[in-house]
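Structural features, examined
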Amino acid sequence: MSEEKNEVMKTSGFAALSTQNMEGLIDEDLNGLTITPDRIKIPSGGSTAFEIPGDGDDSEMVKEITGVILFHHPAYAYYREKFSGGSNPPDCGSFDGITGVGIPGGACATCPYNQFGSGEGQSKLCKNRRQIYILPENELFPMVLSLPTGSLKEFTKYVKRQLTKGRKLSQIVTKLSLKKATSASGIVFSQAVFTYVRPLTSEEQAAVAPLVQQAKEYSTQLTVDALTDVVSPADSNVPFIDPETGEEIQPLK
């Protein structure tokens, strides 16, 4: 293989990050500015396309997102009053699924609002989601996907499959898509699908590693206010799914 072809392989894909003068870009264009990751949204009603920010004010709809999952963590949000949209932060929230901050706060495992049956039917008053940081190919900054409980079982299965094969999520390329699902009670919703694409090359792993660490550091600085973008009014139209078993929790008769 020629040296020229080797060089193309090293600087293509996610390895191209290593050729970018990241510090120069940040110093020049982001001096004094604070940025947050763009959000990937899962529309309601069984849509099979993600909504992502466009270059202008309008959003774009895409069928697939291919990239590296840098990091992921719980994102719990509890509202004393039913959430109907807006910019009000939750009364209590957690980014580790262990300790809630706010009112009531404290241990999530024993919190009465984090138990099935505390909300409508057999749902939880505390909305349990998972925040996923994914770096699309040819992008310098990751995007964030707030994964609802209806997709947690599929994500857990995917993580387990990759770990069984000795693959860390931050060292492989993953494709995200949506499928239309129908609950046992006839509710149509969008469910995330995760597909393994390929492993990262050693050059790509080295280029991505600093962004993995940045995503972890970013998550430690999040406050409850950041959970405003995690929960949406559409959550009330999603079936109540047990994230551990994947079973639908039927409303009490």
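Going by the structure above, here's the rest.
In this report, we go over the structure that sits alongside the text. Counting starts from 1 at the beginning of each chain's written sequence and moves along it residue by residue. Whole-chain, interface and lining totals are the exception, using all residues; otherwise, since this is a predicted model, local features are given only for residues with pLDDT of at least 70 and side-chain atom pairs are given and counted only at 80 or more. Side-chain figures throughout are based on the complete set of non-hydrogen atoms in the structure, without hydrogens or water.

1. Section: unusual backbone geometry
Between Ile-103 and the following residue, Pro-104, the backbone shows a cis peptide bond with an omega angle of 15 degrees. Counting from the N terminus, the helices are the DSSP runs of H or I reaching at least four residues and the strands are the DSSP runs of E reaching at least two. Structurally, Pro-104 is set in the loop between β6 (99–102) and β7 (106–107). Notably, Asn-138 is not glycine yet its phi reads approximately 70 degrees, a positive angle. Its location among the elements puts Asn-138 in the loop between β8 (126–136) and β9 (143–147). The exposed category is assigned to Asn-138, whose relative accessible area is 67%. Buried means the residue's accessible area, taken with a 1.4 Å probe over protein chains only, is under 20% of the maximum for its type, while exposed means over 50%, and partly exposed covers the values in between.

2. Some remarks on the pairing of strand β4 (residues 65–78)
When you tally the buried positions in β4, you get eleven out of 14 residues, the bulk of the element. Here β4 pairs with β8 via eleven bridges, running antiparallel. Opposite Tyr-76, over in β8, you have Asn-128 as the bridge partner. Examined bridge by bridge, β4 and strand β5 (residues 92–94) share three bridges and lie antiparallel to one another. Bridge pairing links Tyr-78 to Cys-92 in β5. Strand pairing follows a simple DSSP-based rule, namely that at least 2 bridges must link the two strands.

3. Considerations on the pairing of β6
Direction of pairing for β5 relative to β6: antiparallel, over a ladder of two bridges. In the sheet register, Gly-93 faces β6, and the bridge partner there is Val-101. Pairing of β6 with β7, which is carried by two bridges, proceeds in the antiparallel orientation. Looking at the pairing, Gly-100 lines up with Gly-106 of β7. Once β6 ends, the chain turns through three residues before running back antiparallel as β7, passing Gly-105 with a positive phi of about 70 degrees.

4. Comments concerning helix α3 (residues 149–164)
Side chains three or four residues apart in an α-helix point the same way, a direct result of the helix having 3.6 residues per turn. Expected helix span is computed as 1.5 Å times (number of residues minus one). Taking 1.5 Å of rise per residue, 16 residues should cover 22 Å, and α3 covers 23 Å from first to last C-alpha, within 8% of that figure. Where α3 is concerned, the buried positions are Thr-149, Gly-150, Ser-151, Leu-152, Phe-155, Tyr-158, Val-159 and Gln-162. Contacts are assigned to residue pairs with any non-hydrogen atoms lying within 4.5 Å of each other. Those residues of α3 that are buried lie in contact with β4, β8, β9, β10 (172–182) and β11 (188–199).

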